[in-house]
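Take a look at the letters that make up each chain.
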Amino acid sequence: MNDIEITAIVCAYNEEKTIEKVVTTVADYFFDEVFIVSDGSTDNTDVILKRISKYYSFQHIVLEENMGKGYAMATALQHASGDIVVFIDADLSNLQEGHFLKLITPIKNKEADMVLGQPTETLINYRVNPFKSFTGQRCLLRKDILPIVEKMKETRFGVETLINLYFQSEGKKVKYVMLPGLIHPTKFGKTSSSKAMEEFIKEGHQIAVTALENYNLIAKTLFKRII
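All figures in this text were calculated on a predicted structure; none of them were measured in a lab.

Turning our eyes to something else, we now look at the pairing of strand 2 (residues 33-39). Most of strand 2 sits inside the fold, with seven of its seven residues counted as buried. Alternating positions in strand 2 separate into two faces, E33, F35, V37 and D39 on one and V34, I36 and S38 on the other, with burial throughout. Sheet topology note: the strand 1 (residues 6-12)/strand 2 ladder contains six bridges and is parallel. Note on strand 2: the bridge partner recorded for A8 is V34. Taken together, strand 1, helix 1 (residues 19-28) and strand 2 form a β-α-β motif whose crossover is right-handed. Where strand 2 meets strand 3 (residues 59-63), five bridges bridge the pair, whose relative direction is parallel. Looking across to strand 3, one finds that F35 is bridged to Q59.

See below:
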C-alpha cells in the first residue's frame, strides 16, 4: 500500500476533562486528516474544541442532539477520505503517539483487516477482559466498513458489536494489540454509582438489540465455520 492516507476519528459526548489532551495528541500525529465529532455535548467540550482549533488542525463536527456513538462515527466516516481509519475514544488518559503506531502497523503490513487496541490500565485485567472486543480503539480500512455505515447510525452504543459481527461474517482477520500505559476509565470513575449503573443497563440493552437485529451476520459466520 503506497501513498496511503490515514484518517483519525474521535467521537465525544461530554468529555470536557479529557478532550483537550486526547485531541492535541491526535492532531500532533502524522494523520492526513482528523475528525472530532461532538455528539450533542452539553458541557464545555465544544468550547474547548473551538479554543484549541486555533492552534491544531482538525475538522470539528457538531451534532446538535445526542445521536449516539454509532451515528457520530458514521457521520465522520461519510466525510473521511483516508484509506485507513483509526478510531480513538475521547475519555482516555496517557494517550501516546506510540499507541497509534501499534494500531496502524498491522493494517499497513497487511497482517490484519482490523486491529483492536487494549488499554492496559483498566479495572479488568486486559489479558482476561471478556469485553475487549468492545474497545473503541480500533483501526481498519475505510473501504471495509463503508458497506455498514448506514446501519451504524442506528446502533448507538452497539456500534462496536455491529462492526465486530460484520467483520466476522466477512471472514476478516482481526488482531488484538496491547496499548501499554493507556488508561480507559470505567463509568463508575466518571459519574455516580447509580448513574453509571443506569448507563451500563442502557448500553447493554443497545448491544443486545444490535446483536439480535443482525442475527443474519451471526448465522453467516456460523455457516462459514461449519463449511
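It is worth spelling out the packing of helix 1 against helix 2 (residues 45-52) at this point. One can describe the packing of helix 1 onto helix 2 by two numbers: an axis separation of 10 Å at closest approach and a directional angle of 35°. Seen along the crossing, helix 1 lies across helix 2 with a hand that is right-handed. Across from I19, E20, V23 and T24 in helix 1, the residues of helix 2 making contact are T45, I48, L49, R51 and I52.

Attention now moves to the packing of helix 3 (residues 69-79) against helix 7 (residues 159-169). Viewed as axis vectors pointing N to C, helix 3 and helix 7 meet at an angle of 60°, and their least axial separation amounts to 8 Å. Taken together, the axes of helix 3 and helix 7 are oblique relative to one another. Within the contact between the two elements, helix 3 uses K69, G70 and M73 and helix 7 uses V159, E160 and I163. Classifying every residue of the contact of helix 3 with helix 7 gives three nonpolar, one polar and two charged.

A few words on the sheet that holds strand 5 (residues 114-121). Across the sheet, seven strands lie side by side as 3-2-1-4-6-5-7; this open sheet has mixed pairing. Bordering the open sheet on either side are strand 3 and strand 7 (174-183), each of which pairs with just one other strand. Put simply, the sheet's adjacent strands are angled 20° from each other on average, direction ignored. Running over the sheet, helix 3 touches strand 1, strand 2, strand 3 and strand 4 (84-89) and is turned about 150° from strand 2. The strands touched by helix 7 are strand 5 and strand 6 (138-141); relative to strand 6, the strand with the most contacts, the crossing angle is about 45°.

As a further point, take the pattern of salt bridges. Between side chains of opposite charge, pairing is possible as soon as their charged atoms come close. Per the counting criterion, the structure on display carries seven salt bridges. The salt bridge involving D144 is made with K172; its shortest N-O contact spans 3.4 Å. With D144 in helix 5 (residues 142-145) and K172 in the loop between helix 7 and strand 7, this pair connects stretches of sequence that are 28 residues apart. Among the ionic contacts, a cluster of salt bridges with common partners joins K69, D89 and E160.

Taking burial as the measure, the ten residues of helix 1 include seven buried ones, the bulk of the element. Considered for burial, the residues of helix 1 that qualify are I19, V22, V23, T24, T25, V26 and A27.

Take unusual backbone geometry next. Residues other than glycine predominantly adopt negative phi, and peptide bonds predominantly adopt the trans conformation. Unusually for a residue other than glycine, N14 sits at a positive phi of about 55°. In this structure, N94 takes a positive phi of about 65° despite not being glycine. Of note, N94 is situated in the loop between strand 4 and helix 4 (97-108).

Looking now at the environment of L103. Mapped onto the elements of the fold, L103 is located in helix 4. For L103, a relative accessible area of 0% gives the class buried. Residues L103 and V177, spaced 74 residues apart in sequence, show a C-alpha to C-alpha distance of 7.2 Å. In this view, L103 contacts V86, I88, V115, L116, G117, Q137, R138, C139, V177 and L179; residues no more than four positions away in its chain are not counted.

Attention shifts here to helix 7. An α-helix turns once per 3.6 residues; consequently, residues spaced three or four apart project the same way. Within helix 7, ten of the eleven residues are buried, which leaves it mostly tucked inside the rest of the structure. Three or more residues of helix 7 are buried, namely V159, E160, T161, L162, I163, N164, L165, Y166, F167 and S169. Among the residues trailing helix 7, G171 stands out with phi positive, at a value near 70°.

Each value, and the rule that gives it
Residues numbered from 1 in each chain as written. Predicted model: local features only at pLDDT ≥ 70, side-chain atom pairs only at ≥ 80, totals over all residues. Heavy atoms only, no water. Buried < 20%, exposed > 50% of the residue type's maximum accessible area, 1.4 Å probe, protein only. Helix = DSSP H or I, 4+ residues; strand = E, 2+ residues; numbered from the N terminus. Pairing = 2+ DSSP bridges. Right-handed = clockwise from strand over helix to strand, strands pointing away. Axes fitted to C-alpha atoms, helices over the stretch in contact; angles between N-to-C directions. Left-handed = near helix turned anticlockwise from the far one by under 90°. Contact = heavy atoms within 4.5 Å. Parallel < 35°, antiparallel > 145°, perpendicular 65-115°, else oblique. Nonpolar A, V, L, I, M, F, W, Y, C, P; charged D, E, K, R; others polar. Salt bridge = Lys/Arg side-chain N within 4 Å of Asp/Glu carboxyl O.

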